Amino acid sequence: FKRRHSRLINSSRLLYQEYSDVVLNKAIQSQKRVDSFAEDIESSFPSSPRLRRKVLSPQDSYFQRLSVSSNASLWQDIPMIRGSRILLNMSRDEQKLQEAKFELIMSEASYLRSLNVAVDHFQRSAELQAMLTNQERQWLFSRLHDVRDVSASFLFDLEEKFEEDMFTFHVCDVALKHAPEFRRVYLPYVTNQTYQEQTFQRLLNGNAGFQQVLERLESDPVCQRLSLKSFLILPFQRITRLKLLLQNILKRTRPGSEEEVQATQAYDALEKLIKDCNENVQRMKSTEELIYLSQKIEFECKIFPLISQSRRLVKCGELTALDFSTLSPKWKVTTRPIYLHLFNDCLLLSRPKEGGRFVVFDHAAFSDVRGEKCEMKLHGTNKNVFRLFLLPNYQGQRVEFLFRTETHSEKLRWISALAPPRGELDLLECPDAPQVQCIKTYKARENDELALEKADIIMVMQYSNDGWIEGVKLSDRERGWFPSEHVELISSKHARQKNLKEEQRVKNAKQQVFCKK
């Protein structure tokens, strides 16, 4: 890898964890201001490119000129940019495009700074190494040093481009060039996520020496009060953020331009990489779940092999089945617990036993399963109910169940999970659908939940009456449930339409670029 002393890496004291949080908070505030189009234009940039700044002579070095603007991290705050005629002649859209590209460079510099701490301070710590076996080192840090090297090489090329022409520099061609290297290091690192989390938790709970060394390392000022775990998850966060930064640039490129083509290709490469990363993680997680379940499940009906490479768990949980006795004049209701394991290709119905074991008494193919709201008016505790149909079950018979859930959201989540597979949502067909913006990160805890990062825009599909929302992320069309306290409603119709148009712009660009091939 090409190496040199980066001019940008120390231009800000912020590590990537804090830098990223600051940027995402700005994005949240920017979305809130889109209620007024005029406010959006004015708040995106300073009102005049001639705001008072410290004046430097032409003899001052590039690094000195840049360091003046290190706190703002805005391209047009660099003195030689701010005082130029070229900036004055640029349209607002052109300025926004350059700012989006500069943010990619500055964020990569901050990311590399954090990676240096992760590798040099933690991974290469002799004290910490002494606490770990070779296998534990591999699982805990994986190929973190390779990720760092690729980031350093990427930043090197980005800085070269920037210095060649600070006014009209490009970055998407550089991202496209480095895409194979991203795949080489990020795919194995992200795939190792499950082992990394398990190893870290096991060491933290069962290795007192590891815990003591870790506390000393984390208390060092170089960490800025950040934990090792926050450094280990950086590559997961960065690869997703990099895709969104490229998407943000793509939205601002001129349609039909070479830069639009490069931005589209780079964005597509990152999108495919993230999809492959997620599939690998999901596959490993599903295999572990199936192996565990196969040891806990027994069949009293027709047996079929549970472990399959293509099978994954969609949702599971214990529900209360309601049985009505028609012999009683008052429709006496009896209840029994039934545990459902819903996979992407089948549904198992079991009786729960002691020790977390299950006895399967019925099952059906996923394509033969339906969940529906129940219109019956039931009193007392029997409120959150829905019908489950097996059309047919494994014996070829039509079977119907009436289930009660503890909460309204659980009822809706089961009905949604049991619905037939949906095609990709056409955003423009939902112009009046509510939208929300994530204001607090949410980590999915169950398979039907949607992980959220700050500033994500989500189209709302339905609400529960106990604080849960089902939605589709505009950026990647992922669908799932999340708590309402992690988001805020976007009330402006203009803002919602703008969000939809921007996402459609990305889709159109991809169709144009890849249909030509």
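See the structure shown above.
This is a predicted model, so every value here is computed, not measured. Think of each chain on its own: its residues are numbered from 1, step by step along the sequence as written. Only residues with pLDDT of 70 or above have their local features reported here, since the model is predicted, and side-chain atom pairs are shown and tallied only from 80 upward, although totals for entire chains, interfaces and linings are computed over all residues. No hydrogens and no water enter the side-chain calculation; it runs on all heavy atoms of the structure.

S.K.: Can you explain the packing of helix α6 (residues 92-123) against helix α14 (residues 234-252)? Please cite residues and give values.
M.R.: To obtain an axis, a line is fitted to C-alpha atoms, over the contacting stretch when the element is a helix, and the angle between two such axes runs from 0 to 180 degrees between their N-to-C directions. Numbering goes from the N terminus for both helices and strands, where a helix is a DSSP run of H or I of at least four residues and a strand is a run of E of at least two. At their nearest, the axes of α6 and α14 sit 9 Å apart, and the two run at 170° to each other. With respect to α14, the axis of α6 lies roughly antiparallel. Contacts between α6 and α14 pair Lys96, Leu97, Ala100, Lys101, Glu103, Leu104, Ser107, Glu108, Tyr111 and Ser114 from the former with Leu234, Pro235, Arg238, Arg241, Leu242, Leu245, Leu246, Asn248, Ile249 and Arg252 from the latter. When the residues that make up the contact of α6 with α14 are grouped by side-chain class, the tally is ten nonpolar, three polar and seven charged. When an angle is under 35 degrees it counts as roughly parallel; over 145 it counts as roughly antiparallel; between 65 and 115 it counts as roughly perpendicular; any other value is oblique. Should any heavy atoms of two residues lie within 4.5 Å, those residues are considered in contact. Think of it as three bins: nonpolar holds Ala, Val, Leu, Ile, Met, Phe, Trp, Tyr, Cys and Pro, charged holds Asp, Glu, Lys and Arg, and polar takes everything else, Gly as well.

S.K.: Can you tell me about the sheet that holds strand β11 (residues 468-473), naming the residues and giving the values?
M.R.: At least two DSSP bridges between two strands are needed for those strands to be called paired. Strand order in the open sheet formed by five strands is β12-β11-β10-β9-β13, and the pairing between neighbours is antiparallel. A strand with exactly one partner marks an edge of an open sheet, and here the two such strands are β12 (479-483) and β13 (487-489). The mean inter-strand angle of the sheet, taken between neighbouring strand axes irrespective of direction, is 45°. Each of β9 (435-438), β10 (457-463) and β13 touches helix α1 (residues 16-33); the most contacted strand, β9, lies at about 155° to it.

S.K.: Residues and numbers for the pattern of salt bridges, please.
M.R.: Throughout this description, the term salt bridge denotes a Lys or Arg side-chain nitrogen within 4 Å of a carboxyl oxygen of Asp or Glu. Enumeration over the complete set of coordinates arrives at 36 salt bridges. A salt bridge links Glu502 to Lys251, with the nearest nitrogen and oxygen atoms 3.5 Å apart. You can see Glu502 sitting in helix α17 (residues 493-515) and its partner Lys251 sitting in helix α14, a full 251 residues away along the chain. Accessibility assignment for this pair places Glu502 and Lys251 in one class, buried. Between Glu298 and Arg357 there is a salt bridge; the shortest N-O distance is 3.8 Å. Taken together, the residues span a long stretch of sequence, with Glu298 in strand β1 (residues 297-299) and Arg357 in strand β5 (residues 357-365) at a distance of 59 residues. If you follow the salt bridges from partner to partner, you end up with Lys315, Glu410, Arg413, Glu446, Asp448 and Glu449 in one network. We call a residue buried when its accessible area falls under 20% of the maximum for its residue type, exposed when it is over 50%, and partly exposed in between, using a 1.4 Å probe and counting protein chains only.

S.K.: Can you lay out unusual backbone geometry for me, pointing to particular residues and giving the numbers?
M.R.: Along the chain, Leu391 connects to Pro392 via a cis peptide bond; the corresponding omega equals 5°. Here the phi dihedral of Ser142 falls at roughly 50°; this positive angle occurs in a residue that is not glycine. Of note, Ser142 is situated in the loop between α8 (134-141) and α9 (144-164). Judged by its relative accessible area of 7%, Ser142 falls in the buried class. A positive phi is found at Gln224, a non-glycine position, where the angle reads about 50°. Looking at where Gln224 falls in the secondary structure, it is placed in the loop between α12 (208-218) and α13 (228-232).

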